[in-house]
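This is what each chain is made of:
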Amino acid sequence: MPQHTTPEQAHEQHLRTASGSGGVVEYLLHRVKPHLPPWLAGAGTGLASLPAHHYWADSAAATAGLTLASVALTGVTWWAGKTTSAQRRLHSAVTVAAASSWFTTAAIAGPDAGPLGGLYFMGAPALALSWNIRQVLRRNPDAIGAAGADGGLLEKVGLAKTQIARSEVAPNKATFDLQLPRGELTQDDVSKAVPLLASALDVPKNAVRVTADPESASRAQLTIVPHDLLKNTVPCPGPSSPGGSIAEPVRIGIYEDGTEAVLYFPGDPDDHRNAMHLLVMGMTGSGKSEGGLTALAEVLTRRDVVVWASDPAKAE
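What counts as what
- Residues numbered from 1 in each chain as written.
- Predicted model: local features only at pLDDT ≥ 70, side-chain atom pairs only at ≥ 80, totals over all residues.
- Heavy atoms only, no water.
- Salt bridge = Lys/Arg side-chain N within 4 Å of Asp/Glu carboxyl O.
- Buried < 20%, exposed > 50% of the residue type's maximum accessible area, 1.4 Å probe, protein only.
- Helix = DSSP H or I, 4+ residues; strand = E, 2+ residues; numbered from the N terminus.
- Pairing = 2+ DSSP bridges.
- Core = buried A, V, L, I, M, F, W, Y, C linked by side-chain atoms within 4.5 Å.
- pLDDT = per-residue confidence, 0-100.
- Contact = heavy atoms within 4.5 Å.

A. Structural detail: the pattern of salt bridges. Applying the stated criterion across every chain, the model contains seven salt bridges. Taking the shortest distance from any N to any O, the salt bridge between Glu 260 and Arg 251 comes out at 3.0 Å. Using a relative accessible area of 48% as the deciding quantity, one classes Glu 260 as partly exposed. One salt bridge in this structure joins Asp 271 and Arg 273, with 3.8 Å as the shortest N-O distance.

See below:
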């Protein structure tokens, strides 16, 4: 699967390395930089009110135009925020309404007229801090690498508000632990979204699997295997550990995602593993004989094992 680096991911990576590479000053500057836009916007609004008052103080047309522009900007902000969360939509609209209303009044009456000066020096920092607080609370260094690139995809397939708690990406397999919004989505909703996910990722439907968490209906594991490596014949590489011990894993092939399929015959008290009792079953042509012979060939190459064979026939 292609990996995309989002601005948030780049920022987090820089934060992890800045203190060691550029010192404390660079680290602090990079910390402050994402929080500057609200403060710059507040300062710009205050400075822009000075020439605006100089040119439009006695203009009735400017008064009407600025008032209409203030209302229009607030309305456009509310309309544009319909795809975001309700809190962000309201916060944006309130910010634009407060800033545009103050600017309109300051442009007509003057920035220092009446309570306008005090409102500016109290209101502008308060609004800027409110956006800074929102940004700090939204930052999640642990999950940003996983959720940053896939949040839009999950929303697109009907799993909005789903968070990726943990991700593990291998060359031909990606596993994501999903935290569903409690009371809104269940594991069944994730299963129903599998065809849409497969279509969005351009992979076969059976390449996307969902494993339910038995302890919580709001958690599930999503596994994606883009390429089925078993579609074509895979040459056997030969014994994995000739002359080794039978206690070492016995390699019998690969799974469809490329990971090795191994068997452990002896038990291991340290790993709390019992000895294996192996029964090979399956339909005709499913590979029982090849799999069994591959395991037997591996066993015969180990130094500390004896093979006993018996071939009873039903008729005899």
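From this point, the discussion proceeds with the structure in view.
B. Fine view of unusual backbone geometry. Backbone geometry places Lys 161, a non-glycine residue, at a positive phi of 70 degrees. On the secondary structure map, Lys 161 appears in the loop between helix H7 (144–156) and strand S1 (163–170). Residue class for Lys 161 comes out exposed when judged on its relative accessible area of 59%. Backbone geometry at His 272 places phi at a positive 55 degrees, although glycine is not the residue there. For His 272, the position within the fold is in the loop between strand S6 (260–263) and helix H10 (288–300). You can call His 272 exposed: its relative accessible area is 76%.

C. Inspection of the pairing of S1 at higher detail. Both S1 and strand S2 (residues 173–179) contribute to a ladder of seven bridges, which runs antiparallel. The residue bridging Ser 167 from the neighbouring strand is Phe 176, located in S2. If you look at the hairpin formed by S1 and S2, you'll find two residues sitting between the two strands.

D. Quick look at the nonpolar core. Membership of the largest hydrophobic core comes to 20 residues, with the highest contact counts inside it found for Leu 159, Phe 176, Leu 178, Leu 197, Val 208 and Leu 222. Of all hydrophobic cores here, the second largest spans nine residues; its members include Leu 66, Trp 102, Ala 106 and Tyr 120.

E. Just the confidence of the model for the chain, in detail. This prediction gives the chain a mean pLDDT of 82; 87% of its residues lie at or above 70. Below a pLDDT of 50 lies the segment residues 1–7, which in the model reaches 10 contacts outside its immediate sequence neighbourhood of four places, other chains included. Segment residues 142–149 is flagged for pLDDT under 50; beyond a separation of four residues in sequence, or across chains, it makes 11 contacts in the model.

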